[in-house]
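Summary of structural features
Chain by chain, the residues run as shown.
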Amino acid sequence: MGITIPEASLLALFLETLFYGVFFTLYWLTLFILLKKCGVQRNFLIPVVTLLLCIATAHLIIDLIRALEAFVFSPLELARTALYITQPTIADTILVWRCYVLNNRSLWVGIPGCIVLLTNGAIGYYVVWCLSRASVGSPVYTIAPGFITTFYGLTMLISLICTTLISWRIYHCRRSMSGDPAPLLPILIVVIEGGALYATSVLALLLAFLTGSNGQYPAMDIAPHIVGIVFCLIILQVHFHVGYNPQPPKPFANLFGEARRAECEQQHGIDDRTSSRRRR
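Analysis parameters
Every chain is numbered on its own, with residues counted from 1 as its sequence reads. Confidence filtering applies because this is a predicted model: local features only for residues at pLDDT of at least 70, side-chain atom pairs given and counted only at 80 or more, and all residues used for totals across whole chains, interfaces and linings. Excluding hydrogens and water, the side-chain values take into account all heavy atoms of the structure. Numbering of helices and strands runs from the N terminus; a helix is a DSSP stretch of H or I covering at least four residues, while a strand is a stretch of E covering at least two. Burial here depends on accessible area, computed with a 1.4 Å probe over protein chains only, as a share of the maximum for the residue type. Under 20% is buried, over 50% is exposed, and the range in between is partly exposed. In what follows, residue pairs with any heavy atoms lying within 4.5 Å of each other are defined as contacts. Each pair of aromatic rings taken from Phe, Tyr and Trp, with Trp reduced to its six-membered ring, is defined by centres within 6.5 Å and is described as stacked if the planes are under 30 degrees apart, edge-to-face if over 60, and tilted in the remaining cases. The definition of a nonpolar core used throughout is a set of buried Ala, Val, Leu, Ile, Met, Phe, Trp, Tyr and Cys residues joined through side-chain atoms within 4.5 Å. Only residues above 30% relative accessible area that lack a salt bridge enter a patch, with like-charged residues linked at up to 9 Å and the nonpolar side chains Val, Leu, Ile, Met, Phe, Trp and Tyr linked at up to 5 Å. The method behind every accessible area is Shrake-Rupley, applied with a 1.4 Å probe, and residues are considered shielded solely by the protein chains displayed. Whenever a carboxyl oxygen of Asp or Glu lies within 4 Å of a side-chain nitrogen of Lys or Arg, that contact is scored as a salt bridge. In a helix, the anticipated span is given by 1.5 Å times the number of residues less one. Any N or O atom pair separated by 3.5 Å or less is treated as a polar contact, with the protein-specific requirement of one donor-capable and one acceptor-capable atom, and with residues adjacent in sequence counted only for side-chain atom pairs. Known as pLDDT, the predictor's confidence for each residue is given on a scale from 0 to 100.

Here's the deal with the overall build of the protein
When you go through the protein residue by residue, the secondary structure sums to 9 helices and 0 strands. Classification of the 280 residues of the protein by burial places 46% in the buried group. A sequence separation of at least 24 residues applies to 80% of the contacts in the protein between residues at least 6 apart.

Structure (structure tokens):
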């Protein structure tokens, strides 16, 4: 016997709070690290990870309000679904961007990636529009089921393809620098953290939706927080140089701004020496 919607909603709220706590902790650790850097971290990664946290926070607040309203259908349900669509769309955009940069900014990677992203985003927000026109109490899996399945499928496909391309590119760069098989370890970590974890969560959500199980509600509520957790873990992994390689390949370093750190430090040193000479 499957769980009821109230039971699923309570379980979803509990799991969402748990995963939000993990994401919140990783966010502050990531922010503390990024604030010490310069270049792409300050200008790009900090706003992105902050936006992911804001969306996750808004999602949690909406679910808390819905709990106070005893899970009745309201416009907050639409806002909650819209936030869920927005969170993986942002994460997939960053994933496609990383893949595009690592592949030497190839248009053969960037253009198809953008087309799939736009298509998936349009499908997701079309589902939100369908929900706004549905009658109160209608099961989610009866509202535009084909579009919902396509959205989940494309999201998982983007994650798997981009993670595979990124991992292959990193492996190829590191193998060209050294024949030692040891660098394969961080590649495996990137695949597990950046792709398998998120793809598995989407797969669980897809299977629950296809079977009409109310377990899709807990899976959907924790998904935005898994997006933020994976995003922070990858940044932390790069910072602490998982795989004991202090000098990552240039494309990989440029992707996360590690290569610019030395340049910034050197520039700061030049500025300090110039200021000292002026004071003298």
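There is more to say, and it comes next.
Digging into the packing of aromatic side chains
What describes a pair of aromatic rings is the distance from one ring centre to the other and the angle between the planes of the rings. According to the stated counting rule, one finds 9 aromatic pairs in the structure shown. An angle of 75° between the planes, with centres 6.4 Å apart, marks the rings of tyrosine 84 and tyrosine 152 as edge-to-face. Taken together, the positions of tyrosine 84 in helix H3 (residues 75-102) and tyrosine 152 in helix H5 (residues 145-177) put the pair 68 residues apart, joining distant regions of the chain. With relative accessibility at 6%, the residue tyrosine 152 sits in the buried group.

As for the nonpolar core
Burial of nonpolar side chains together is a common tendency in soluble globular proteins. The biggest cluster of nonpolar side chains holds 55 residues, and the ones touching the most others in it are Phe23, Leu52, Tyr84, Tyr152 and Phe231. Only helix H1 (5-34), helix H2 (40-68), H3, helix H4 (107-133), H5, helix H6 (184-210) and helix H7 (216-239) provide two or more residues apiece to this core. Ranked by residue count, the leading element in this core is H7, at 13 residues. Not counting residues within four places of it along the chain, the set of residues in contact with phenylalanine 231 comprises Leu45, Val48, Val49, Leu52, Ile94 and Arg98. Formed by 10 residues, the second largest nonpolar core is a distinct cluster that contains Cys99, Val109, Cys162 and Ile166.

Remarks on a nonpolar patch on the surface
On the surface, a cluster of nonpolar side chains totalling about 380 Å² of accessible area is made up of Ile3, Leu11, Phe14 and Leu18. By secondary structure assignment, the location of leucine 11 is in helix H1. Overall, leucine 11 belongs to the partly exposed group, its relative accessible area being 39%.

Considering the pattern of salt bridges
Per the counting criterion, the structure on display carries 2 salt bridges. For aspartate 63, the salt bridge identified is with arginine 80, shortest N-O distance 2.8 Å. Of this pair, aspartate 63 sits in helix H2 while arginine 80 sits in helix H3, placing them 17 residues apart in sequence. The exposure class assigned to arginine 80 is buried, which follows from its relative accessible area of 1%. One continuous salt-bridge network, built from bridges that share partners, spans Asp63, Arg80 and Asp221.

Topic: H4
The end-to-end C-alpha distance of H4, which contains 27 residues, comes to 39 Å, matching closely the 39 Å that a straight helix rising 1.5 Å per residue would cover. Listed in full, the buried residues belonging to H4 are Val109, Gly110, Gly113, Leu117, Asn120, Gly121, Ile123, Gly124, Val127, Val128, Cys130 and Leu131. A side-chain oxygen of the first residue of H4 lies 3.2 Å from the backbone nitrogen of tryptophan 108; this N-cap is serine 106.

Description of the environment of isoleucine 3
Note that isoleucine 3 resides in the segment before H1. When the C-alpha atoms of isoleucine 3 and asparagine 214 are compared, they prove to be 6.3 Å apart, with 211 residues separating the residues in sequence. Not counting residues up to four positions away in its chain, the partners in contact with isoleucine 3 are Ala8, Asn214 and Gly215.

Re the side chain of threonine 30
As for its position among the elements, threonine 30 is in helix H1. Polar contacts involving the side chain of threonine 30 include one to the main-chain carbonyl oxygen of leucine 26, which spans 2.7 Å. For threonine 30, the residues in contact, after removing those within four places along its chain, are Cys232, Ile235 and Leu236.

A short note on the confidence of the model for the protein
Of all residues in the protein, 71% attain a pLDDT of 70 or more, and the chain-wide mean is 75. Throughout residues 249-254 the model reports pLDDT below 50, and contacts reaching past four residues in sequence, or to other chains, amount to 12 contacts. Note that pLDDT drops below 50 for residues 256-268; the model gives that stretch 24 contacts with residues more than four away or on any other chain.

Digging into the environment of leucine 205
Assignment of secondary structure puts leucine 205 in helix H6. Looking at leucine 205, the relative accessible area reads 1%, which means it is buried. In this structure, the C-alpha to C-alpha distance between leucine 205 and glycine 215, residues 10 residues apart in sequence, is 7.9 Å. Residues contacting leucine 205, with those up to four places away along its chain left out, are Tyr84, Tyr152, Gln216, Ala219 and Met220.

Things to note about the side chain of aspartate 221
The topology assignment puts aspartate 221 in helix H7. Look at aspartate 221 and you get buried, because its relative accessible area is 3%. At 2.7 Å, the side chain of aspartate 221 and the side chain of arginine 80 are in polar contact. Contacts of aspartate 221, omitting those with residues within four sequence positions, involve Ala12, Glu16, His59, Asp63 and Arg80.

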